[in-house]
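Single-letter residue listing:
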Amino acid sequence: MNNHRLCWLSRIAGVWLVFGWAIAGAAETASVPTITGAGEAFTWVLLDEIRPKLERDHGLRLSLYGKDSMLGHGCSVGIKKARENHAGNETFGFVCCPLTKEEVDKEGLTVHPVALEPLIIIVNKSNPLRDIPIEKVRAIFRGEIRNWKEVGGEDRPIVIVLRPHCPQRPGHWKTIVPTLEQFRKDRIEVKAEAEVVQGVSDFAEGIGNIGSTWVFEPSQHIKVVTVSGVTPTAENLRNKSYPFYQEQSIVTHGELSVPLANMIREVQSGEDFRAVAKKYELLPLVPTPP
Amino acid sequence: MSAPRTYRFRLVLYISVLLLFLVAALVLSYHSSNNLVLKEAENNAARLAQQIEGQIKIEARDLVERAKMVRDNTGFTSYLYIAVSLGTDSGALRDLYQRQFGWLQIDRSVVLSRSGKVLIGAQHADLSKALIARGLMAGAGEHQFYHEGQHGLEMVAALPINYRSESLGVIAITKTLGAAWMHVVRQMSGGQLFLVKDGQIVLSTIAGTRGDQTFVSSNDRADINGESYLVRRVVIGDDPRLPQLWFGLSQQELTAHLNEQRNRLLALVLAGCLGGLMIGFLMLRNFSAPLGRLMKLIEEVGAGRLPEIRRVHSHDEIGYLTNRFSEMVTSLREHQDEVKRTQELLQHEATTDSLTGLYNRRYLYNLFPKLWSEAMRSNKSLALIIIDIDHFKKINDRYGHPTGDSVLLHLAIVLRANCRESDFLFRIGGEEFLILTSGDKEGGTQVAEKIRGTLEREPYSDAECIIPVTASFGVAQADAGDGTGGLEQLMQRADQALYVAKKGGRNRVVASYPQRESA
């Protein structure tokens, strides 16, 4: 009889323990502030890699949107998301090119520079070339060189695949050719970075550019070439021997909450960020505090 | 003539009319359905052929829309632009096409550059030639036409492709109107399809049709494989070199369907007849039969009979009526029995002496003619005995009338004890009794003597006294001369004999002489 009663008591206690644990877990989840970020794919890659540490160290839950579809989201989405920030709905954006002063003033944004990212020059894997001199790269994109044999390759017409994003902002592809009008006209124009990679993979004659954080799929026939013998690394960006790059930034709007401000600081200068930057050859723009 | 007015007759009449109507409808439909179905089938064949034409037009529009889907894809046009303007390998274009449009439900696709170079679909040379022959690379508008190539007859949608106002070439996609398509259309229409070229069937939905089967259409009819078809041409394009598409409805199939429908109708009519008969039977059983029984009972009651009517246990109106009628007849019967008993009592009282229970004089006069007639008819004799108690007045005077009545009863008992069942005993006066017995005068004398002896031996006795009782007997025999009204004469003769007996000292039997003898 006593054993039977004890058994029932233990069952009831077990149920209460589980119930209490579930309630406590739900309450804890509800109390953790959620910060939402959205924007272009390159910054998303590095944010996504350090997200576990950011969430753990700053006691927040981070929702990131930047590579959900083949088309990605882009810098405009990052700016839009930053403007949605208000108390109780903390948001931020991430962009791959520096915003214009007019844009920052008009929208009331704050730009938090993160890193410089090398723009790598990609060609089809069947292309025998391993290096293209910088002037010839620019000449190719301008259309002055139209056949690969002119740069030591096979006798094939050159096919340019270009995503002419953010034409009003400085940096990015403008480091190759300053204006869109100067680019070769008979090119393949696409709307997403993934299409740039797919286009170069499809055409044996293809050439394009993309950020160094892009992760290629094994099925894609892509090869990265050096520019005038210089590889696209952070160090070569620092010593200015590699000429093509884009600037990754976080943008915010209005007053920042402490967790968000801390998180941005961590992204700009934390140890984990340094490790990711090293992995993708990014050049941090904010020095590590002493 | 009035019998047919009965409910049963009407019911049988109605059911018969219903059955007759059903059978007539069946016969009429059998005779009229053949021509009707054939005429309707001809209209149907034309209608279905038009529907197939409409379906083909819809499929053609759908094919054009699919071609537009490819043409309007910016990735595809920019790849094509590069391939055409730079002369690159078309592999990238083919890969993109396969990646983005490989799922399209089409049979063949060809992309030609404006110079006629095949960029996609090099294996479909016949289609490329057809496009070139039609001059479609020049950037003209949409084209939808039919083409007979290595895949047979096919529907083609061809669209020019432009990029930045520059003509790049043409894309053509096809849908083959082959066996699979024809079978789908057959499923939809229910008829057969024939693809005919130069009078020969090159493809059909009929299993086992040879490729070289001749197709000759006359008056919208054609014989194929020994089977007759109602046929209509399905117009697809105006090129006379193309095979013709024909739609046909098999007359054998139509007849089979007709017979199937007829059999269903027959089954329905039979079921209707059976239902009608069953309803009639139930109505007769539930309404007419009980009504008939009730009518028969009423007739019996009307005829004066009051039969025993069993109660019924049904709770319907007829059951209620029958039970009420049964109660009424039972009540009548009980009343009739009572009347009969009263009649019998009155009859008894009218013919019987109340003291002795013997018949009275009135009944003697009623009975005698019958007995006399019967005796004469059967050639038998009839004897009459008159009995008179000796000195009865003295008994009355000495012992009183009650004792006198008891003496009379004593004599009645003695008479009953000594007479046969067939003898008739009467009390005709105060102390006078009469016996009618079959037999002659001697027989009557013997009976009288027997009674006289018994009476003499057995005196009347009661608690107070013993009274010796004797009687005198006069016997006479009826004869043919008496007639039915000869009772008076017979009784007179017996009275004369009785008188003689009285005169002779009483307590004796004297027989009379016959009338003729005495005369």
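Cut-offs and rules
- Residues numbered from 1 in each chain as written.
- Chains lettered and ligands numbered in written order.
- Predicted model: local features only at pLDDT ≥ 70, side-chain atom pairs only at ≥ 80, totals over all residues.
- Core = buried A, V, L, I, M, F, W, Y, C linked by C-beta atoms within 7 Å.
- Buried ≥ 20, exposed ≤ 12 C-beta atoms within 10 Å, placed from the backbone.
- Helix = DSSP H or I, 4+ residues; strand = E, 2+ residues; numbered from the N terminus.
- Contact = placed C-beta atoms within 7 Å.
- Nonpolar A, V, L, I, M, F, W, Y, C, P; charged D, E, K, R; others polar.
- pLDDT = per-residue confidence, 0-100.
- Pairing = 2+ DSSP bridges.
- Axes fitted to C-alpha atoms, helices over the stretch in contact; angles between N-to-C directions.

Quick notes on the nonpolar core
Residues and elements named next belong to chain B. Counting 131 residues, the largest nonpolar core has Val-170 and Ala-172 as its most contacted members. Here this core gets 10 residues from one element, more than from any other, and that element is helix H1 (residues 7-71). Setting aside residues no more than four positions away along its own chain, Ala-172 makes contact with Val-110, Leu-127, Leu-131, Val-156, Ala-157 and Ala-158. Ranked by size, the runner-up nonpolar core spans 44 residues in total, among them Ala-448, Ala-476, Leu-498 and Ala-511.

Some details on the interface of chain A and chain B
Interfaces are often sized by the amount of accessible area the parts lose when they come together. Each side of the interface is counted separately: chain A has nine residues, and chain B has 11 residues. By residue class, the composition of the side of chain A that touches chain B is five nonpolar, no polar and four charged.

Remarks on unusual backbone geometry
Residue and element names in this part refer to chain B. Residue Arg-164 is not a glycine yet carries a positive backbone phi of 50°. In this structure, Arg-164 sits in the loop between strand S4 (152-163) and strand S5 (166-176). C-beta crowding within 10 Å serves as the criterion here: with 11 such atoms nearby, Arg-164 is assigned to the exposed category. The phi torsion at His-391 lies on the positive side, around 55°, for a residue other than glycine. Summarising the element assignment, His-391 is placed in the loop between strand S12 (382-389) and helix H9 (392-399). By C-beta crowding, His-391 is classed as partly exposed, having 15 other C-beta atoms within 10 Å.

Describing the confidence of the model for chain B
Taken as a whole, chain B shows an average pLDDT of 88; of its residues, 97% reach a score of 70 or greater. In the predicted complex, the global pTM is 0.60; the interface-specific ipTM is 0.79.

A few points about the sheet that holds strand S11 (residues 244-250) of chain B
Residues and elements named next belong to chain B. Reading across the sheet, the six strands line up as S8-S7-S6-S11-S10-S9 and stay open at both edges, with antiparallel pairing between neighbours. The open sheet has two edge strands, strand S8 (213-214) and strand S9 (221-224), and neither has a second partner. For strand S7 (residues 200-204) and S8, the ladder comprises two bridges, and the chain directions are antiparallel. The residue bridging Gln-200 from the neighbouring strand is Thr-214, located in S8. Strands strand S10 (227-234) and S11 of the sheet are contacted by H1, whose axis makes an angle of about 40° with S10. Sitting on the sheet, helix H6 (residues 251-302) is in contact with S10 and S11, with an inclination near 30° to S11.

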